[in-house]
Amino acid sequence: MPELVDSENWYYFINQLGLTGSIFQVVNNSCVEQIKENQLVLNLLPSVEHFCSESTLKKINEAINTSLQTKVSIETKLGGDTMLTPRMISEQKHQQRLQNKLEEYQANPKVGSILNIFSTELTVADIKLH
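## Section: the nonpolar core
The tendency in soluble globular proteins is for nonpolar side chains to be buried side by side.
Step number 1: Grouped together as the largest cluster of nonpolar side chains are 19 residues, with contacts concentrated most on Trp10, Leu19 and Ile64.
Step number 2: Only helix H1 (7-15), helix H2 (21-28), strand E2 (39-44) and helix H3 (54-68) provide two or more residues apiece to this core.
Step number 3: Discounting chain neighbours no more than four positions away, the residues touching Trp10 are Leu4, Val27, Ser30, Cys31, Val32, Leu40, Leu42, Ile64 and Pro86.

Printed below as a string of C-alpha cells:
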C-alpha cells in the first residue's frame, strides 16, 4: 500500500476502481500524501472540495477497501493546485500520444508531400485521437 504515495501508481490504482461521476472526480483530482497504519491521507484539489460529501467519501473508501482487500480509513485535506493528480497525469499522457502521432505523420513521406502541395504545416492541435 505505501506505493500509492507515488502519483503514477495512484493514477493506475484509481483507474481500476470502477468509480464514475463526481466520485471519480474526487479521486482523479487527488494525491496520496501519506499512509500511516491503515489510514490513507488524500490531498484534494480545492476545485473538488464541494463533491466531498460523507456519501462520496464512503463510496471511495469502500472501493479502495475492496481493491486492497483490507480495511483502511480515509482522511482528506485540501492541497495546492500544483499537486500531480491522476487527471494531470492523464492529460500528460494524452499530450504525449498527440506528440507521438504528430511525429509519426511528419515522418511519413506521403503526408509530407501533401503538406508541401498545400504549403501548410501539421500541429498537435490538428490531431484528433480516437
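Next comes the rest of the description.
## A word on a nonpolar patch on the surface
Step number 1: Residues Ile114, Ile117 and Phe118 make up a contiguous nonpolar surface patch of about 370 Å² in total accessible area.
Step number 2: Looking at where Ile114 falls in the secondary structure, it is placed in helix H5 (residues 109-117).

## Focus: H3
Step number 1: For H3, with 15 residues, the first-to-last C-alpha span of 21 Å sits near the 21 Å given by 1.5 Å per residue.
Step number 2: Among the residues making up H3, those that are buried are Thr56, Ile60, Asn61, Ala63, Ile64 and Asn65.
Step number 3: Buried positions along H3 lie against H1, H2, E2 and strand E3 (73-78).
Step number 4: The positive-phi residue at the C-terminal boundary of H3 is Gln69, with phi of around 55°.

## Comments concerning the packing of H1 against helix H4 (residues 86-107)
Step number 1: At their nearest, the axes of H1 and H4 sit 9 Å apart, and the two run at 95° to each other. In terms of axis orientation, H1 runs roughly perpendicular to H4. For the pair H1 and H4, contact is made by Ser7, Glu8, Trp10, Tyr11, Tyr12 and Ile14 and by Pro86, Ile89, Ser90 and Lys93, respectively.
Step number 2: Residues of the contact of H1 with H4, tallied by class, amount to six nonpolar, two polar and two charged.

## Things to note about the pattern of salt bridges
Step number 1: One pass over the structure, following the stated rule, counts three salt bridges.
Step number 2: Notably, a salt bridge pairs Lys77 with Glu33, separated by 3.1 Å at the nearest N-O pair. A residue pair is termed long-range when its members are at least 10 positions apart, and Lys77 in strand E3 and Glu33 in strand E1 (residues 30-36) qualify at 44 residues.
Step number 3: Given a relative accessible area of 34%, Lys77 falls into the partly exposed group.
Step number 4: A salt bridge links Lys101 to Glu104; the shortest N-O distance between them is 3.4 Å. Here Lys101 and its partner Glu104 are both found in helix H4, three residues apart, which amounts to about one turn of the helix.
Step number 5: Lys101 sits in the partly exposed class, given a relative accessible area of 24%.
Step number 6: The exposure class of Glu104 is partly exposed, given its relative accessible area of 45%.

## Quick look at the environment of Asn28
Step number 1: Relative to the elements of secondary structure, Asn28 occurs in helix H2.
Step number 2: Along the primary structure Asn28 and Trp10 are separated by 18 residues, whereas in three dimensions their C-alpha atoms are 9.1 Å apart.

## A look at the packing of aromatic side chains
Step number 1: Counted by the stated rule, this structure contains two aromatic pairs.
Step number 2: Between Trp10 and Phe13, the aromatic rings sit 5.8 Å apart at their centres with planes inclined by 25°, giving stacked as the arrangement. Linking Trp10 with Phe13, this pair stays in helix H1, spanning three residues, or about one helical turn.
Step number 3: Relative accessible area serves as the criterion here: at 1%, Trp10 is assigned to the buried category.
Step number 4: Residues Tyr11 and Tyr12 carry aromatic rings whose centres are separated by 4.9 Å and whose planes lie at 75° to one another, so their mutual orientation is edge-to-face.
Step number 5: Given the relative accessible area of 13%, Tyr11 is considered buried.

Cut-off values and rules
- Residues numbered from 1 in each chain as written.
- Predicted model: local features only at pLDDT ≥ 70, side-chain atom pairs only at ≥ 80, totals over all residues.
- Heavy atoms only, no water.
- Core = buried A, V, L, I, M, F, W, Y, C linked by side-chain atoms within 4.5 Å.
- Buried < 20%, exposed > 50% of the residue type's maximum accessible area, 1.4 Å probe, protein only.
- Helix = DSSP H or I, 4+ residues; strand = E, 2+ residues; numbered from the N terminus.
- Contact = heavy atoms within 4.5 Å.
- Patch = residues over 30% accessible without salt bridge, like charges linked within 9 Å, V, L, I, M, F, W, Y side chains within 5 Å.
- Areas by Shrake-Rupley, 256 points an atom, 1.4 Å probe, with all protein chains shown as cover.
- Salt bridge = Lys/Arg side-chain N within 4 Å of Asp/Glu carboxyl O.
- Expected span 1.5 Å × (residues − 1).
- Axes fitted to C-alpha atoms, helices over the stretch in contact; angles between N-to-C directions.
- Parallel < 35°, antiparallel > 145°, perpendicular 65-115°, else oblique.
- Nonpolar A, V, L, I, M, F, W, Y, C, P; charged D, E, K, R; others polar.
- Phe/Tyr/Trp six-rings, centres within 6.5 Å; stacked < 30°, edge-to-face > 60°.

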